[in-house]
Amino acid sequence: MRVATSLACGLLVLVCLARSEFATAFHPNDALELALKWEDFLPSGDRHLMYNLNSCSGAVSPQWGPAVEDWDSLLGSNFEFDGETGCTPRDATLQWGSYTNCGAGAYACTHTLSTLATNYRKITHADIYFTPNYPPLTIPWKTANSAHEWGHVIGLEDDTSAQCGAQSIMGQIELVGDPCYTSPNAADVSSVQCYNVNSDCDGDGYNDWMESFVGTSNRARCQPGDTPGDTPKPSGGWPSDLSANGDFSRDRANIADLGSFIVPVRRIGTSPGPTNYDARWDLFPGSPFGAYINLQDMATIIAGPTGFPPMFNGARAFGHANPCTAHPLYLDLHGYVRPP
Ligand SMILES: [Ca+2]
Ligand SMILES: [Ca+2]
Ligand SMILES: [Ca+2]
Ligand SMILES: [Zn+2]
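As the structure is a computational prediction, the values presented were derived from the model and not from experiment.

The rules behind each value
Residues numbered from 1 in each chain as written. Chains lettered and ligands numbered in written order. Predicted model: local features only at pLDDT ≥ 70, side-chain atom pairs only at ≥ 80, totals over all residues. Helix = DSSP H or I, 4+ residues; strand = E, 2+ residues; numbered from the N terminus. Buried ≥ 20, exposed ≤ 12 C-beta atoms within 10 Å, placed from the backbone. Contact = placed C-beta atoms within 7 Å. Core = buried A, V, L, I, M, F, W, Y, C linked by C-beta atoms within 7 Å. Domains from an automatic or database assignment. Axes fitted to C-alpha atoms, helices over the stretch in contact; angles between N-to-C directions. Parallel < 35°, antiparallel > 145°, perpendicular 65-115°, else oblique. Left-handed = near helix turned anticlockwise from the far one by under 90°. pLDDT = per-residue confidence, 0-100. Pairing = 2+ DSSP bridges. Arc of directions from axis to C-beta.

Asks: Explain the overall build of the protein chain to me, and be specific about the residues and the numbers.
Replies: A tally of helices and strands in the protein chain yields ten helices and seven strands. Per-residue burial over the protein chain gives 46% buried out of 340 residues. Counting only contacts in the protein chain whose residues sit at least 6 apart along the sequence, the fraction spanning at least 24 positions is 60%.

Asks: If you had to explain the nonpolar core to someone new, which residues and values would you point to?
Replies: Soluble globular proteins tend to pack their nonpolar side chains together in the buried interior. Ranked by internal contacts, the top residues of the largest apolar core, which has 59 residues, are Val68, Ala108, Ile128 and Trp150. There are two domains that each give this core at least three residues, and those are domain 1 (3-197) and domain 2 (220-340). For Trp150, the residues in contact, after removing those within four places along its chain, are Ala67, Val68 and Trp71.

Asks: So, the packing of helix H1 (residues 64-75) against helix H3 (residues 139-153): which residues are in play, and what are the values?
Replies: It is at 8 Å that the axes of H1 and H3 come closest, and there the two elements cross at 55°. Considering their axes alone, H1 and H3 lie oblique with respect to each other. The crossing of H1 and H3 is right-handed. Counted together, Trp64, Pro66, Ala67, Val68, Asp70 and Trp71 of H1 and Thr143, Ser146, Ala147 and Trp150 of H3 form the full contact between these two elements.

Asks: How would you summarise the confidence of the model for the protein chain if you had to cite specific residues and measurements?
Replies: Put simply, the protein chain has an average pLDDT of 82, and 83% of its residues get 70 or more. Confidence over residues 1-6 falls short of pLDDT 50; this stretch has 16 contacts with residues more than four positions distant or in other chains. Contacts of residues 329-340 to residues separated by more than four positions or lying in other chains number 38 contacts, the stretch itself having pLDDT below 50.

Asks: Could you give an account of the pairing of strand S7 (residues 121-130), with specific residues and numbers?
Replies: With seven of ten residues buried, S7 is to be regarded as a mostly interior element. With three bridges connecting them, strand S2 (residues 36-38) and S7 associate as parallel partners. Residue pairing across strands places Leu36 opposite Arg121, the latter belonging to S7. The pairing of strand S5 (residues 92-96) with S7 spans five bridges and is classified as parallel. Residue pairing in the sheet places Gln95 in a bridge with Tyr129 of S7.

Asks: Can you explain helix H8 (residues 295-302)? Please cite residues and give values.
Replies: All of the buried residues in H8 are Asp297, Met298, Thr300 and Ile301. End-on, the buried residues of H8 take up no more than an arc of 145°, which puts them together on one face. Where the residues of H8 are buried, they touch helix H7 (255-259) and helix H9 (304-307). Of the residues one or two after H8, Gly304 is the one with positive phi, at around 75°.

Asks: Give me the lowdown on unusual backbone geometry, citing residues and values where you can.
Replies: Pro264 follows Val263 through a cis peptide bond whose omega is 0°. Relative to the helices and strands, Pro264 resides in the loop between H7 and H8. The phi dihedral of Arg47 falls on the positive side, at around 65°, and the residue is not glycine. If you trace the backbone, Arg47 turns up in the loop between S2 and strand S3 (48-54). Despite not being glycine, Gln167 shows a phi value in the positive range, around 50°. Along the chain, Gln167 turns up in the loop between helix H4 (163-166) and helix H5 (186-197). Residue classification places Gln167 among the partly exposed positions, given that 18 C-beta atoms sit within 10 Å.

As structure tokens, this is what we get:
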């Protein structure tokens, strides 16, 4: 069983953005950046996560436990976090650490251990490390930082903007003034609820694994940040929207998206290797036979669950009179935008 470590960086403005990754050979079941989820919170799970406030690493900070319990009370009965002080590792451990754990200058960081499941990575353990940078923070910022790290434990990624601009507990510390948030806001809470329970949280018809494979966000659906005049690029949110610039096809699935399999670069008939293959067009990941990108990938836009996505209430997306709209609020906050 493969075990991977991922590192979600602490509240450190624009410095600690790297995640530790694991090397992989190309294989459809081995995509990077799969959603990280606790089995406990899937429909079959017991909805409980145990954490320990590790008193063996030093005196426990009074902000750690309350920050976790804020999440607990806001998330409702489907998410229960139960804590204890002591040295016995539980599902998640909050503890003192060093810059070796988190990178130079970080306030804190979260490491998650995970194994590969069908369309996500199953978190088996999480460690939050608070570094020597943490104690000098003001009490509100300590609370915010602790809540931020717990957000990583339950699957949220950093928003790399400063906290107030990010409008999320997953934003970054600003060294002047008080935090805008010391606990999760409504959008943070809906993110966690949707993300942990649903495999197509954004409703674009593609499950987490498919989105991970093609490189789109599993928490965004309409084209984020596209403006007229952008160079042609596929949507970073909706896999079917391969031609996402220009009024004719942005936020729509239509003939331009199908045409993008042929021009300006011929993707059809290609497989990984020194070709025009790009996983972004491999909408039905891989292929049981022949080239990875084939007619099945084009059909994925038109037919099957991906052709009739929840965001159109199950109607056919291809040629739909309306564009993709009503971007759910929570999805704007924590999804990443595919680089242009
Ligand atoms: Ca998506
Ligand atoms: Ca399109
Ligand atoms: Ca394919
Ligand atoms: Zn972070």
